[in-house]
Amino acid sequence: MNWSLIISILISCLQGGESAFDEECPTLADGDNMSQTQLLDRLTHGCRYDRLERPITYTETGTRLPVDVYMRAYIYFMQNLEAHDLQFKIYALLQMRYLDPRLNFRNVSPKRRQPILGEQQLRDSLWMPHIFLANERDSSILGTTEKDILTSISPDGTVIVSNRIKATLYCWLNLKKFPFDEQDCSTVLESWMYNTSELVLHWEQKRPITYDPALHLTEFLLQRSWSNETVINADLSDLRHGAFAGNYSSLSFTVHLTRVVGFYLMDYFFPSMLIVAISWVSFWLQADQAPPRITLGTSTMLTFITLASAQGKTLPKVSYIKVSEVWFLGCTIFIFGSMVEFAFVNTIWRRKQNVPLKKLNSKHILKSTLSPHLLRRRSHARSRSFSGMARQLDTSSLGGAGFNNYLTVNLPITTITEGQVMGQRREGFTSQKRKGSGQAMSASSQKMDISFVESAFTVPPSGQPAAALTETATPQMYNNNRSEGCGNGAEEMDFTGWTTLTPQEIAMWIDSRARLVFPVAFLVFNLFFWTFVYCI
C-alpha cells in the first residue's frame with residue numbers, strides 16, 4: 001500500500017478546505033491597503049456581521065446591555081398649523097448615533113482615521129434601530145434621484161445616520177381663546193420593535209434641538225421649545241408597537257406657538273366694531289321713517305352674519321365656546337338691540353293719546369310709556385268718582401230739607417271734563433308761582449272746588465240766599481269728596497303737578513337716550529372682553 005500517496009491526498013484536501021474557508025470569510029489583514037468598499041464588505045460579511053441582530057455588549061458581570069441611541073433634530077422649515085385638520089408639517093434633519101462594536105476597524109486599519117461615509121446603500125447593509133414618529137399622519141424621506149440619507153462609520157464603530165424628512169404630524173388644538181390662543185405641538189419619536197431592555201433612546205447632551213435662523217411662521221410666533229425623554233407602557237390594546245407588550249423608550253420635543261392676531265384684528269374685529277357703530281345711525285333718524293331704519297338694521301345684521309360665518313369656516317366644529325364666538329355673539333346682540341329699539345319707538349310714535357308724567361325723568365317716562373293703559377283706567381275711575389259725587393250732593397241737598405214738592409229748573413247743560421279742571425288748576429298754580437307766593441297750597445285748594453256744580457243743581461230755600469246755601473254746601477261736598485275718595489283710593493290718582501308729553505316727544509326722547517346708552521354699553525362690553533383676553 002502506497003502510504004505516501006494517501007498522505008499527499010489528505011494534505012491537498014486540508015489545503016482546499018482552508019482556501020474554501022478563506023473564500024467564505026475573507027480576512028481583515030492588511031486593512032490599510034484596502035479601499036473603503038473592500039473594508040466595509042469584509043467588515044459586514046455574513047461570517048462576521050448579522051444585520052438582523054442588534055449590537056450586543058456586556059458588563060463586567062456578564063449582564064447584557066441595551067443599545068443606547070442618541071438623537072438630534074434640526075428643524076429648518078415648519079408650516080403653519082392647520083386648525084381645521086389639527087395638524088402641522090415640519091421639514092427636519094433627524095440624526096441618530098449608536099455604537100456597534102462589530103464595525104470597529106481601528107485595529108484592522110490603524111492608519112485610517114477618517115470615518116467611512118456612504119448613503120442609502122451603506123445604511124441598507126447595517127443594522128438600524130427602527131424608530132418611528134408616533135404622532136405622524138404622513139412622512140417621507142426627502143430627495144430627488146437619491147434619498148437624502150447620510151451614513152457615517154467611525155474607526156471605533158460609532159454609526160451616525162442622518163435623514164432629511166418631511167412629516168405631517170397630529171397636534172390637538174385648544175381653541176377656547178381663539179384667535180388669542182397659544183398652542184403646544186409635539187413631535188414624538190418611539191422605538192418600534194425593541195423595548196427598553198434592548199434599546200434606549202436619548203437626546204444628545206449638547207443642543208439636541210436646533211432651528212434654522214431663517215425659520216419664520218406667518219400666523220404664529222415660535223416662543224420656545226423643550227425636549228423630553230420618557231417610557232411608553234404598551235399593552236395588547238395598543239398596537240402601534242407591532243402588538244408586542246412592554247415598555248418602549250420615547251423621545252419628544254415640543255414647540256410653544258403664539259398666534260399673531262394682526263390679521264384677525266384687521267379683518268374681523270375692527271370691521272365688526274364699525275358694523276355695530278353703523279347700526280346706531282338709526283337713532284338719528286326719526287321714528288316714523290321706517291324704510292331707512294329697517295333697511296339699515298337688516299343690512300348691518302346680514303353683513304355681520306356673513307363676516308362671522310367666513311371666520312368660522314376655517315375652524316373645526318368643537319363643542320366648547322370660543323372667545324371669537326363670544327365677541328360675535330355680543331356684537332350681534334347690539335345690532336339686534338338697535339332693531340328692537342326702532343320697533344319700540346315706532347310703536348310709541350303711532351299712539352294717539354298723550355301720556356301724563358308725574359316727574360320728567362327717565363324712570364317715570366319709561367314707566368308711563370310701558371303702562372299707558374293702567375294710567376288711562378285710573379283716570380277714567382277718577383272721572384266716575386267725580387260724577388257720583390255730584391249726584392250724591394244733589395240728592396242730599398234736596399231731600400234733606402223735607403220738601404215734598406220739587407221744583408224743576410231748566411238750566412243750560414255744561415259738560416265739565418277732568419282735563420278742563422286740571423288745566424284750570426295748573427294755570428292757577430303757575431300764576432301763584434310767578435307771583436312768588438312761598439306759601440304752600442292748603443288742603444282745601446288742593447281738592448277740586450265744585451261749588452259751581454251745586455248752583456246748577458240746587459235751589460235756595462225760601463228766606464235763604466243762594467250764597468249762604470253755597471257756603472253751607474261746600475263743606476258737605478268736600479266731605480263727600482273725601483268719603484268717595486276713601487272708597488276708591490286704590491284707583492284714584494292726583495294729577496297735581498303732572499306733565500303731559502306727546503308720543504312723538506317720548507319717541508324722540510328714547511332715541512336721544514339710545515344714542516348714549518348703546519355706545520356706553522358697547523364700551524363696557526369691550527372692557528370686559530379685552531380684559532378677559534389679555535389678563536385671564
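Before reading further, recall that the structure is shown in the block above.
Fair warning: this is a prediction, and the values are worked out from it, not measured in the lab. (Residues numbered from 1 in each chain as written. Predicted model: local features only at pLDDT ≥ 70, side-chain atom pairs only at ≥ 80, totals over all residues. Heavy atoms only, no water.)

**Student:** Can you walk me through the overall build of the protein in this structure?
**Tutor:** Secondary structure summary: the protein contains 13 helices and 16 strands in total. Going through the 536 residues of the protein one by one, you find that 37% of them count as buried. Nonlocal contacts in the protein, meaning residues at least 24 apart in sequence, comprise 77% of its contacts between residues at least 6 apart. (Helix = DSSP H or I, 4+ residues; strand = E, 2+ residues; numbered from the N terminus. Buried < 20%, exposed > 50% of the residue type's maximum accessible area, 1.4 Å probe, protein only. Contact = heavy atoms within 4.5 Å.)

**Student:** Help me understand the pairing of strand E9 (residues 158-170), please; the structure alone is not making it clear to me.
**Tutor:** Here 13 bridges tie strand E4 (residues 87-99) to E9, and the two strands are oriented antiparallel to one another. Directly across from Arg97, in E9, lies its bridge partner Ile160. Pairing of strand E7 (residues 136-141) with E9 involves five bridges; the strand directions are antiparallel. Opposite Glu136, over in E9, you have Leu169 as the bridge partner. (Pairing = 2+ DSSP bridges.)

**Student:** Just to check I follow, could you spell out the sheet that holds strand E14 (residues 246-259) for this structure?
**Tutor:** By way of backbone hydrogen bonds, the strands of a sheet pair with one another, either parallel or antiparallel. What the four strands build is an open sheet, ordered E6-E10-E14-E13; its pairing is antiparallel. Whereas interior strands pair on both sides, the edge strands pair on one side only; in this sheet they are strand E6 (131-133) and strand E13 (220-234). Taken over all neighbouring pairs, the strand axes of this sheet differ in orientation by 20° on average, direction set aside. Here strand E10 (residues 182-191) runs beside E14; their pairing, made up of nine bridges, is antiparallel. Counted as the bridge partner of Val188 is Ser252 from E14. (Axes fitted to C-alpha atoms, helices over the stretch in contact; angles between N-to-C directions.)

**Student:** For this particular structure, what's the right way to read the state of the cysteines?
**Tutor:** The term disulfide refers to a covalent linkage connecting the sulfur atoms of a pair of cysteines. Tallied over the entire structure, the rule returns two disulfides. Each disulfide pairs two cysteine sulfurs, and for Cys25 the partner residue is Cys47, the sulfurs being separated by 2.3 Å. An S-S torsion of about 75° defines the bridge between Cys25 and Cys47 as right-handed. With Cys25 in the loop between helix H1 (3-24) and helix H2 (36-43) and Cys47 in the loop between H2 and strand E1 (57-58), this residue pair connects regions lying 22 residues apart in the sequence. Judged by relative accessible area, which is 38%, Cys47 ranks as partly exposed. What pairs with Cys171 in a disulfide is Cys185, and their sulfur atoms sit 2.0 Å apart. (Disulfide = S-S within 2.5 Å.)

**Student:** Teacher, can you tell me more about the packing of helix H4 (residues 262-279) against helix H6 (residues 323-349) here?
**Tutor:** Angle between the axes and distance between the axes are the two parameters that describe a pair of packed helices. Relative orientation of the contacting elements H4 and H6 amounts to 15°, with a least axis distance of 9 Å. If you check the angle between H4 and H6, you find them roughly parallel. H4 and H6 meet at a crossing whose hand is left-handed. Two secondary-structure elements touch here, H4 through Tyr268, Phe269, Ser272, Met273, Ile275, Val276 and Ser279 and H6 through Trp327, Phe328, Cys331, Phe334, Ile335 and Ser338. Of the residues belonging to the contact of H4 with H6, the class tally is 10 nonpolar, three polar and no charged. (Parallel < 35°, antiparallel > 145°, perpendicular 65-115°, else oblique. Left-handed = near helix turned anticlockwise from the far one by under 90°. Nonpolar A, V, L, I, M, F, W, Y, C, P; charged D, E, K, R; others polar.)

**Student:** Explanation requested: the pattern of salt bridges in the structure shown.
**Tutor:** Side chains that differ in charge, positive against negative, can pair when their charged atoms come close. Applying the stated criterion across every chain yields a total of 10 salt bridges. Taking the shortest distance from any N to any O, the salt bridge between Asp511 and Arg293 comes out at 3.3 Å. Highlighted residues: Asp511 in helix H13 (residues 503-535) and Arg293 in helix H5 (residues 290-312), separated in sequence by 218 residues. Taken as a pair, Asp511 and Arg293 share a single burial class, namely buried. With its nearest N and O atoms 2.8 Å apart, the salt bridge here joins Glu325 to Lys322. Exposure remark for Glu325: the relative accessible area of 35% places this residue in the partly exposed category. When salt bridges that share partners are traced, they join Asp181, Glu219 and Arg259 into one network. (Salt bridge = Lys/Arg side-chain N within 4 Å of Asp/Glu carboxyl O.)

**Student:** Explain the side chain of Gln87 to me, please; I cannot follow it from the model alone.
**Tutor:** For Gln87, the position within the fold is in strand E4. We classify Gln87 as buried; its relative accessible area is 13%. Discounting chain neighbours no more than four positions away, the residues touching Gln87 are Asn80, Leu81, Glu82, Arg137, Thr168, Leu169, Tyr170 and Cys171.

**Student:** Would you mind showing me how to read the pairing of E10 here?
**Tutor:** The side chains of a regular strand alternate, first on one face of the sheet and then on the other. Most of E10 is tucked away: seven of the 10 residues are buried. Relative to E10, E6 is paired through three bridges, and the arrangement is antiparallel. Its bridge partner being in E10, Phe132 is matched across the sheet by Glu190.

**Student:** Help me understand H13 in this model?
**Tutor:** Given 3.6 residues per turn, any residue in an α-helix points the same way as the ones three and four places further on. For H13, with 33 residues, the first-to-last C-alpha span of 47 Å sits near the 48 Å given by 1.5 Å per residue. Largest kink in H13: about 30°, centred on Ala514. (Expected span 1.5 Å × (residues − 1). Bend = angle between axes of the 7 residues up to and from the residue.)

**Student:** Could you clarify how one ought to interpret the environment of Gly312 in this entry?
**Tutor:** With respect to the helices and strands, the residue Gly312 is situated in helix H5. Assessed through its relative accessible area of 38%, Gly312 is described here as partly exposed. Between the C-alpha atom of Gly312 and that of Glu325, which follows or precedes it by 13 residues, the distance is 8.7 Å.

**Student:** Got a minute to help me understand the packing of aromatic side chains in this structure?
**Tutor:** Centre-to-centre distance and the angle between the planes together describe a pair of aromatic rings. In this structure the tally under the stated criterion is 29 aromatic pairs. Aromatic pair Phe178 and Tyr264: ring centres 5.2 Å apart, planes at 80°, arrangement edge-to-face. Here Phe178 is found in the loop between E9 and E10, whereas its partner Tyr264 is found in helix H4, with 86 residues between them in sequence. The residues Phe178 and Tyr264 share a single accessibility class, namely buried. Here Trp327 and Trp530 contribute two aromatic rings whose centre-to-centre distance is 5.9 Å and whose plane-to-plane angle is 50°, an arrangement assigned as tilted. (Phe/Tyr/Trp six-rings, centres within 6.5 Å; stacked < 30°, edge-to-face > 60°.)

**Student:** I'm lost on H4 in this one. Help?
**Tutor:** An ideal rise of 1.5 Å per residue puts 26 Å on 18 residues; H4 measures up with 25 Å between its terminal C-alpha atoms. In the structure, H4 departs most strongly from a straight axis at Phe269, where the bend amounts to approximately 25° and where the proline Pro271 lies between one and four residues downstream. Looking at the buried positions of H4, the neighbouring elements they touch are E14, H5, H6 and H13.

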